[in-house]
Amino acid sequence: QVQLVESGGGLVQPGGSLRLSCALTGEIYALNIMGWYSQAPGNQRELVAYITAGGGVHYADSVKGRFTISRDIPKNTVYLQMNDLKPEDTGVYYCNADLLLTMDDRRQYWGQGTQVTVSP
C-alpha cells in the first residue's frame, strides 16, 4: 500500500523554526510532484509549496524567503523547512503526492496531516 507518513509538527514561538517530513512508502512507478498544503481553522486547504520530478520548486507568496521545500530521492521523502514562523502559519499541514502507481495509473495521495501551531 502507498502511504504518506508525516512528522515534524509542533508548537513554536513566532520567529522559530520547524522541519516537516513526509515519507512515501510502497511501490510506485514514478513521482510527478510532491507538495505541502496548509489548512487553517475554518479555511480551505491551500498550497504552500511543491517540488517537481525535475527538482523545480514553487512557493506561495506568503512563505517565500522563509520556507524551503526539498527532497531526499533515495528515501522518497520530502521536507518543508519552515523558518521565521508567524502566527498566520498556524494550521494543519498536509503532504501530497501526485504519482504514477504504474506507467498507466496516475494517483494522488495525502498524508494524514501534522499540526503546526505558532503562538507566543
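Look up: the structure comes first, before these words.
All values reported here derive from a predicted model rather than from experimental measurement. The written sequence of each chain sets the order in which its residues are numbered from 1. Thresholds applied to this predicted model are a pLDDT of at least 70 for local features of residues and 80 or more for the giving and counting of side-chain atom pairs; totals over whole chains, interfaces and linings are not thresholded and use all residues. Side-chain metrics in this entry use all non-hydrogen atoms of the structure; hydrogen atoms and water are not considered.

(A) Inspection of the overall build of the protein at higher detail. Helical segments are the DSSP runs of H or I of at least four residues, strand segments are the runs of E of at least two, and each set is numbered from the N terminus. Each helix and strand in the protein was counted, giving 0 helices and 11 strands. The helix and strand sequence of the protein, counted from the amino end, reads β-β-β-β-β-β-β-β-β-β-β. For 120 residues, the compact-globule estimate of 2.2 N^0.38 gives 14 Å, and the C-alpha radius of gyration of the protein, at 14 Å, lies within 12% of that figure. Counting only C-alpha atoms, the protein reaches 50 × 25 × 25 Å along its principal axes. Burial classes follow relative accessibility: with a 1.4 Å probe on protein chains only, a residue under 20% of its type's maximum area counts as buried, one over 50% as exposed, and anything between as partly exposed. For the protein, the residues scored as buried account for 38% of the 120 residues in total. We call two residues in contact when some of their heavy atoms are within 4.5 Å. Put simply, 52% of the contacts in the protein that link residues at least 6 apart link residues at least 24 apart. The accessible surface values rely on the Shrake-Rupley method and a 1.4 Å probe; as for residues, cover is taken only from the protein chains in view. In the form shown here, the protein has an accessible surface area of approximately 6700 Å², with 47% of it arising from carbon and sulfur atoms. Atoms counted for the radius of gyration: C-alpha only. Globule rule: 2.2 Å times residue count to the power 0.38.

(B) Structural view of the sheet that holds strand 1 (residues 3-7). For two strands to be treated as a pair, DSSP must find no fewer than two bridges joining them. With antiparallel pairing, the 4 strands of this open sheet are ordered in space as 1-3-8-7. The sheet is open, and its two borders are formed by strand 1 and strand 7 (67-72), each paired with just one other strand. This sheet shows a mean twist of 15 degrees between the axes of neighbouring strands, independent of strand direction. The pairing of strand 7 with strand 8 (residues 77-82) spans 6 bridges and is antiparallel. Its bridge partner being in strand 8, S70 is matched across the sheet by Y79. Axis definition: a line fit to C-alpha positions, over the contact stretch in the case of helices; interaxial angles, taken between N-to-C directions, run 0 to 180 degrees.

(C) View of the nonpolar core. Take the buried Ala, Val, Leu, Ile, Met, Phe, Trp, Tyr and Cys residues and link them wherever side-chain atoms come within 4.5 Å; each set so joined is a nonpolar core. One finds W36, L80, M82 and Y93 to be the most contacted residues of the largest nonpolar core, which totals 28 residues. Secondary-structure elements contributing two or more residues to this core are strand 3 (18-25), strand 4 (30-39), strand 5 (46-52), strand 7, strand 8, strand 9 (91-102) and strand 11 (114-118).

(D) Layout of the pattern of salt bridges. When a carboxyl oxygen of Asp or Glu is within 4 Å of a side-chain nitrogen of Lys or Arg, the pair counts as a salt bridge. A complete count under the given rule lists 5 salt bridges for this structure. With a shortest N-O distance of 2.8 Å, R66 and D89 are connected by a salt bridge. In this pair, R66 is assigned in the loop between strand 6 (57-59) and strand 7 and D89 in the loop between strand 8 and strand 9, connecting sequence segments 23 residues apart. Of the two residues, R66 and D89, neither departs from the other in class, the shared state being buried.

(E) Representation of the packing of aromatic side chains in the model. The rule is short: rings of Phe, Tyr and Trp, with Trp giving its six-membered ring, pair when the centres are within 6.5 Å, and they are stacked under 30 degrees, edge-to-face over 60, tilted in between. Tallied over the full model, the rule gives 2 aromatic pairs. Within the aromatic cluster, the residues linked to one another by ring pairs are Y37, Y94 and W110. Directly above the aromatic system of Y94 lies the positively charged group of R45, at a separation of 3.6 Å from the ring centroid. Just above the ring of W110 sits the side chain of R45; from NZ or CZ to the centre is 4.7 Å. Whether a charge lies above a ring is judged from NZ of Lys or CZ of Arg, which has to be within 6 Å of the ring centre and within 35 degrees of the ring normal.

(F) Fine view of the environment of L31. Tracing the chain through its elements places L31 in strand 4. Exposure remark for L31: the relative accessible area of 24% places this residue in the partly exposed category. For the pair L31 and T102, spaced 71 residues apart in sequence, the C-alpha separation works out to 10 Å. With residues up to four places along the chain from it excluded, the contact list for L31 reads L24, A53, N76, A97, D98 and L99.

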